[in-house]
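Here's the letter readout for the chains.
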Amino acid sequence: MATRKSRSLLIVGLIALVGLALFLVLTAPSTWRLLNGPRDLPDAGVPDLVNGRTQFIAGDCATCHASVGKGDETLLGGGRSLDTAFGEFHMPNISSHPMDGIGGYTVEQFIMAMREGVIPGKGNAYPAFPYTSYQRMTANDLRDLFAYIQSLPPVAGKVPDHDLKFPFSMRRGVGLWRLAFLDGKPLPEDLTQTAQWNRGRYLVEGSAHCVECHSPRNAMGAVPFAKRFSGGPNPEGTGHIPNISQDETGIGYWSVNDIARYLEEGVNPIGIKAGGDMKEVVVNTARLSESDRLAMAVYLKSLPGVEAPNAGAPRPNRTEEVVMLAAGQAHAGPSRLASLAASPDMLGKQDVLYVVSPTPFTLEANGTGEDGKLLGARGWRCSSAKQGGCRCVWMAGSRTVRKARCTRSRGSGSCRPCCHPRPSPR
Ligand code: HEC
Ligand code: HEC
C-alpha cells in the first residue's frame, strides 16, 4: 500500500518536473529565436540621428515613456501607467541613463527588445509594449532610433514594477504568448506595389503600430488576423476605437487626402477634431513628412474592408433610400459625433446632420476629393451627387432629409456656396 502511494507520488512529481522543464524551454527567449531564425543586422554605417528621430516620432515612444508631468518628450524617465484587464502597467525609464534607463544596452540588446520582446535583466516583455509591430522595423532604423534615444538626456530614477494580476504577473509565462503570437517576420519590399505604398505599409505596420489600437483582441490579448484595423474596445476600458478599414462602417468613404489631412491636422472630412488617444497620435503624425502621411494613407486605402460598425453605430444602409439616422442611433463611438447627436432638438440647435445614403456624395468642402458616402455632416451641406449636379441635404426633425437645389459656385464647378433657398428649421 505504502509503496503504491509513494510510486504514484513519484509519477506525479515526475510529470510536474517534465511540465516545468517544458514550460522553461518553451518560454525561453532562445527557443523562440531558434524557431524563427535570424533577421537583418545593422550595416557598418554611422547612425542617422535625423532618421532616428523620425522613427521615434512615428513610434510614439514618448507618448508612453516620457517622464510624467514634465511635458518634455526628450525626457524618457517613464512613470505613466496603463490600466488594462491584465492589471496596471508602469512605463519603464528608457532614457540614456546607464543604470535606470537603457544607456547600458548594446545596440543588439535594443534590437532584441524591439523585435523579440526580450528585455536585458528582466526577460520576456509584455505585449503592452507594442513589439508585435516594432518587430517589422529594419535593423538600420532600429540602430538609428537607439542612437537618437542615447543622444537624449539621461533621467535618473527607476519606475516601480507593474501591478498585474496572477498569472499575468509571471513574466516568464509571456514566452508562451510570444511563441504563439510573435511571427518574427520582416516586411520585404512588395515589388508589385509602388514605393509609396511600401513606405506606407512599413510605417503603418511597423513603427506607427496603428493596428495595435485599431483592432479587437481575443481572450489571449492577440489581434485576430481577419479583424485587423476593424476597431474595437479601448484596452484601457473606456470607449471604442474606430474601424479604419476600407468598409463603409470604417473609413471607406475617406479619400487618401482626407486620411493624410487627418494625420496632419487631426480633423476628419466633416470637420470634427480627433479626440482621445488619437489626439496624441496626431501630435506625432503631424510632424512626419507630408510624403510619409500620404504613403500611410495610400496603404490604408489598399486594406480590405471589414464590416464592423463602431460601438453604437447602426448597420450600413444597403437600400436605395437616403435615410436620416435617428439621433439615438447615430454614431456613438468615441468621436465627437456621439456627443453632438444627443437628441433631435440638440441636432437642430447644433446644426448637425446625419445622413446615410447609398448614393456617393463628395465629402470634401471644395468638391475635389473622391466620392464616398456621406455618413454625417455638420451644418448646411451642399453635396454633389454622383449624377445630376449638386444637392443640399439638411435635417429637420429626427428623420427628415430635405433636399433643395444648389447653385454651383461660379468658375470652380464645385457645389459651394450651399443651397438656395436654405430650408428653414421647423
Ligand atoms: C503603448 C505604450 C508604449 C509605446 C508606444 C512604446 N512602449 Fe516601450 N514599453 C511599454 C511597456 C508597457 C513596457 C514594459 C514592458 C515590460 O515590462 O515587459 C515597455 C518597455 C520598453 C523597453 C524595455 C525597457 C525596460 O527596461 O523594461 C524598451 C527598450 C522600450 N519599451 C522602447 C520603446 C521604444 C523605442 C518605443 C518607440 C518606438 C516604445 N518603447 C514605445 C510601452 C510602450
Ligand atoms: C493609442 C491608440 C491609437 C493609435 C496608435 C492609433 N490610433 Fe487612430 N484612433 C484612436 C482613437 C481612440 C480614435 C478615435 C478618435 C476620436 O475619438 O476622435 C482614432 C481615430 C482614428 C481615425 C478616424 C476614424 C473615424 O472614423 O473617425 C483614423 C483615420 C485613424 N485613427 C488612423 C490611425 C492611423 C493611420 C494610425 C497609425 C499612424 C492610428 N490611427 C494610430 C486611437 C489610436
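Residues numbered from 1 in each chain as written. Chains lettered and ligands numbered in written order. Predicted model: local features only at pLDDT ≥ 70, side-chain atom pairs only at ≥ 80, totals over all residues.

Asks: Whenever I open this one, the overall build of the chain confuses me. Can you help?
Replies: Looking only at helices and strands, the chain features 15 helices and 16 strands. When each of the 426 residues of the chain is scored for burial, the buried share is 36%. Pairs at least 24 apart in sequence give 61% of the contacts found in the chain among residues at least 6 apart. (Helix = DSSP H or I, 4+ residues; strand = E, 2+ residues; numbered from the N terminus. Buried ≥ 20, exposed ≤ 12 C-beta atoms within 10 Å, placed from the backbone. Contact = placed C-beta atoms within 7 Å.)

Asks: I keep staring at unusual backbone geometry and nothing clicks. Help me out?
Replies: For residues that are not glycine, phi is negative in most cases, and the peptide bond is trans in most cases. The omega angle of the peptide bond from Phe-166 to Pro-167 is 5°, so this bond is cis rather than trans. Relative to the elements of secondary structure, Pro-167 occurs in the loop between β5 (163-164) and α8 (174-181). At His-209, a residue that is not glycine, the phi angle is positive and equals roughly 40°. With respect to the element layout, His-209 can be found in the loop between α9 (195-205) and α10 (210-213).

Asks: It is not clear to me how helix α11 (residues 256-265) should be interpreted in this structure. Could you clarify?
Replies: The periodicity of an α-helix, 3.6 residues per turn, causes residues three or four places apart in sequence to face the same way. Asp-258, Ile-259, Ala-260, Tyr-262 and Leu-263 are the residues of α11 that are buried. Along its buried surface, α11 packs onto α12 (276-285) and α13 (290-301). Backbone geometry just downstream of α11 places Gly-266 in the positive-phi region, at approximately 70°.

Asks: Is there a simple way to explain the site of ligand 1 in this structure?
Replies: For ligand 1, the set of nearby residues contains 22 residues, the closest of which are Gly-59, Cys-61, Cys-64, Ala-125 and Phe-129. With 4 residues, the top contributor of residues to the shell around ligand 1 is helix α4 (residues 61-65). Of the residues contributing to the shell around ligand 1, the split by class is 16 nonpolar, 4 polar and 2 charged. (Near = placed C-beta within 6 Å. Nonpolar A, V, L, I, M, F, W, Y, C, P; charged D, E, K, R; others polar.)

Asks: Before we go on, may I ask you to explain the confidence of the model for the chain in this structure?
Replies: The predicted structure's coordinates, where accompanied by low pLDDT, should not be read in detail. Taken residue by residue, the chain gives an average pLDDT of 78. The fraction at 70 or more is 72%. Taken together, the stretch residues 319-426 has pLDDT below 50 and engages in 200 contacts with residues farther than four places along the chain or on a different chain. (pLDDT = per-residue confidence, 0-100.)

Asks: Could you clarify how one ought to interpret the environment of Ile-111 in this entry?
Replies: Topologically, Ile-111 is positioned in helix α5 (residues 107-116). Assessed through the 24 C-beta atoms surrounding it within 10 Å, Ile-111 is described here as buried. C-alpha of Ile-111 to C-alpha of Tyr-134: the two residues are 23 residues apart in sequence and 9.6 Å apart in space. In this structure Ile-111 touches Ala-139 and Leu-142, once residues within four positions along its chain are discounted.

Asks: Would you explain the sheet that holds strand β1 (residues 81-84) in this entry?
Replies: In a beta sheet, neighbouring strands are held together by backbone hydrogen bonds and run either parallel or antiparallel to one another. The 3 strands are arranged β1-β2-β5 in an open sheet whose pairing can be described as antiparallel. Single-partner strands in this sheet number two, and they are β1 and β5. Across 2 bridges, the pairing between strand β2 (residues 87-90) and β5 is antiparallel. Bridge pairing in β5 places Glu-88 opposite Asp-163. (Pairing = 2+ DSSP bridges.)

Asks: For this particular structure, what's the right way to read the nonpolar core?
Replies: Taken as a class, soluble globular proteins show a tendency for nonpolar side chains to be buried jointly. Counting 58 residues, the largest nonpolar core has Phe-110, Met-114, Ile-149, Ile-259, Met-296 and Leu-300 as the members making the most contacts within it. Among the elements that line this core, the one with the most residues is α13, at 6 residues. If near-sequence neighbours (up to four positions away) are discounted, Met-114 is found in contact with Tyr-131, Tyr-134, Met-137 and Leu-142. (Core = buried A, V, L, I, M, F, W, Y, C linked by C-beta atoms within 7 Å.)

Asks: Looking at this model, I keep getting lost on the packing of α9 against α13. Mind explaining?
Replies: The axes of two packed helices give the description: the angle between them and the distance between them. Relative to each other, α9 and α13 sit at 90°, their axes nearing to 7 Å. Comparing the axis directions of α9 and α13 gives the class roughly perpendicular. Along the contact surface, α9 presents Gln-196, Trp-197, Arg-199, Gly-200, Arg-201, Leu-203 and Val-204, while α13 presents Asp-292, Leu-294, Ala-295, Met-296, Val-298, Tyr-299 and Leu-300. (Axes fitted to C-alpha atoms, helices over the stretch in contact; angles between N-to-C directions. Parallel < 35°, antiparallel > 145°, perpendicular 65-115°, else oblique.)

Asks: Mind showing me how you'd approach the pairing of β2 here?
Replies: On any regular strand, side chains alternate: one points to one face of the sheet, the next to the other face. As paired elements, β1 and β2 share 4 bridges and run antiparallel to each other. When the sheet's bridge partners are listed, Ser-81 is paired in β2 with His-90. Hairpin connection between β1 and β2: a loop of 2 residues separates the two successive antiparallel strands.

Asks: Hey, could you run me through the packing of α5 against helix α7 (residues 139-150) in this one?
Replies: α7 packs onto α5 with a crossing angle of 115° between their chain directions and a minimal axis gap of 10 Å. Between α5 and α7, the interaxial angle falls into the category roughly perpendicular. As for how α5 packs across α7, the hand of that crossing is right-handed. Across the interface between the two elements, Val-107, Phe-110, Ile-111 and Met-114 of α5 pack against Ala-139, Leu-142, Arg-143 and Phe-146 of α7. Counted by class, the contact of α5 with α7 contains 7 nonpolar, no polar and 1 charged residues. (Left-handed = near helix turned anticlockwise from the far one by under 90°.)

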